[in-house]
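Notes for the structure review
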Amino acid sequence: MRTIALLAAALPLAAQPRLLLDTGDFERIRKLAASESWAAGVRDGILRRADAWPADHVRQFGLREWALPPEGAGWSHAYVCPEHGMRLRQEAGKNLCPVDGKDYHGWPIDNVVYMQRNGDTAHAARDLGLAWQLTRKPVYAEKARRIFSAYADLYPTLPVHDNNNRRDTRSGARIMSQTLSESSWLIPLVFAYDLARDALTAEERARFETRVLRDAAQVID
Ligand SMILES: [Zn+2]
């Protein structure tokens, strides 16, 4: 009986955030935001971004509704007009040459936008995780769950590909086109997962940990 009682006491603790911030930090942040206007401003900025997801993302990238990109991403430096050598401008789904306004698509141009979308989504997950811990409003955890679930579906299905779209090379990755970028994408997502993990079921956790975290660690390693 004593073992069961100890386990029951330990289980909620095991789900609490601990990676970069723990529950003590959130208590401290709540107090600070109540007494310091600059801290309240930072908190409100996080909550505003969390409230605006996914509407802001959908608008920025010219989507009909939020979804993850269907293919792996491309390399940032490939976002260039093939005729003028100028960096393109992403505007609501268009990739515009600053010289003549021509709209470019296909590999690698669209895939650079996929990189931006994945980066934006990982940072949105982080904001949602923070908003969940700051307010405990379920709407934020629900939105974060959508992101974890979508990546758990997608991650293992994407081929390892590199900046030149060659398959299974040492520098390649799944979401991004190099292990460096895969890491930059994964870090805010891991932070997000640690923050919102206590809102997920055991099955959802196992799925995300196996299909995203462990698989991505292998790819990067
Ligand atoms: Zn051009």
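Everything below is about the structure printed above this text.
Scoring rules and cut-offs
Counting restarts for each chain: residues are numbered from 1 in the order of the written sequence. Confidence filtering applies because this is a predicted model: local features only for residues at pLDDT of at least 70, side-chain atom pairs given and counted only at 80 or more, and all residues used for totals across whole chains, interfaces and linings. Values reported for side chains reflect all heavy atoms of the structure, with hydrogen atoms and water molecules removed beforehand. Each metal's donors are the N, O and S atoms found within 2.8 Å of it, except that Na, K and Ca use a 3.2 Å limit; water is left out, so coordination can look incomplete. Secondary structure counts use DSSP, requiring at least four H or I residues in a row for a helix and at least two E residues in a row for a strand, with both numbered from the N terminus. The buried label applies to any residue whose accessible area, calculated with a 1.4 Å probe on protein chains only, is under 20% of its type's maximum; exposed applies above 50%, and partly exposed to all values in between. Exposure above 30% relative accessible area and the absence of a salt bridge qualify a residue for a patch, where like charges join within 9 Å and nonpolar side chains (Val, Leu, Ile, Met, Phe, Trp, Tyr) within 5 Å. All accessible areas in this document rest on Shrake-Rupley with a 1.4 Å probe, and a residue is counted as covered only by the protein chains that are shown. Salt bridges are counted wherever a side-chain nitrogen of Lys or Arg sits within 4 Å of a carboxyl oxygen of Asp or Glu. Orientation is described by lines fitted to C-alpha atoms, with helices fitted over the stretch in contact, and by angles between N-to-C directions that extend from 0 to 180 degrees. Oblique is the label for any angle not covered by the other classes, which are roughly parallel (under 35 degrees), roughly antiparallel (over 145) and roughly perpendicular (65 to 115). Note on convention: near helix rotated counterclockwise from far helix by under a right angle means a left-handed crossing. Clockwise means right-handed. Whether two residues are in contact is decided by their heavy atoms, any of which lying within 4.5 Å being enough. For this classification, Asp, Glu, Lys and Arg are treated as charged, while Ala, Val, Leu, Ile, Met, Phe, Trp, Tyr, Cys and Pro are nonpolar and the rest, including Gly, are polar.

This next bit is on the coordination of the zinc ion. On the protein side, the zinc ion has Cys81 (SG), His84 (ND1) and Cys97 (SG) as donor atoms, found 2.1 to 2.2 Å from it. Of note, the zinc ion draws all its donor residues from one chain, in the sequence arrangement C-x2-H-x12-C. With a gap of 13 residues between them, His84 in the loop between α4 (55-60) and β1 (89-91) and Cys97 in the loop between β2 (94-96) and α5 (109-135) connect regions that are remote in the sequence. Using a relative accessible area of 32% as the deciding quantity, one classes His84 as partly exposed. On the accessibility criterion, Cys97 (2% relative accessible area) is buried.

Take a nonpolar patch on the surface next. On the surface, Leu32, Trp38 and Val42 cluster together into a nonpolar patch covering about 300 Å² of accessible area. Of note, Leu32 is situated in helix α2 (residues 23-35). Judged by relative accessible area, which is 31%, Leu32 ranks as partly exposed.

Relative to each other, helix α6 (residues 138-154) and helix α8 (residues 202-220) sit at 45 degrees, their axes nearing to 9 Å. With respect to their mutual orientation, α6 and α8 come out oblique. Our pair here, α6 against α8, has a crossing hand that is left-handed. The segment α6 lies against α8, with Arg145, Phe148, Ser149, Tyr151, Ala152 and Asp153 engaging Glu204, Arg207, Phe208, Arg211 and Val212. Looking at the contact of α6 with α8 residue by residue, the classes come out as five nonpolar, one polar and five charged.

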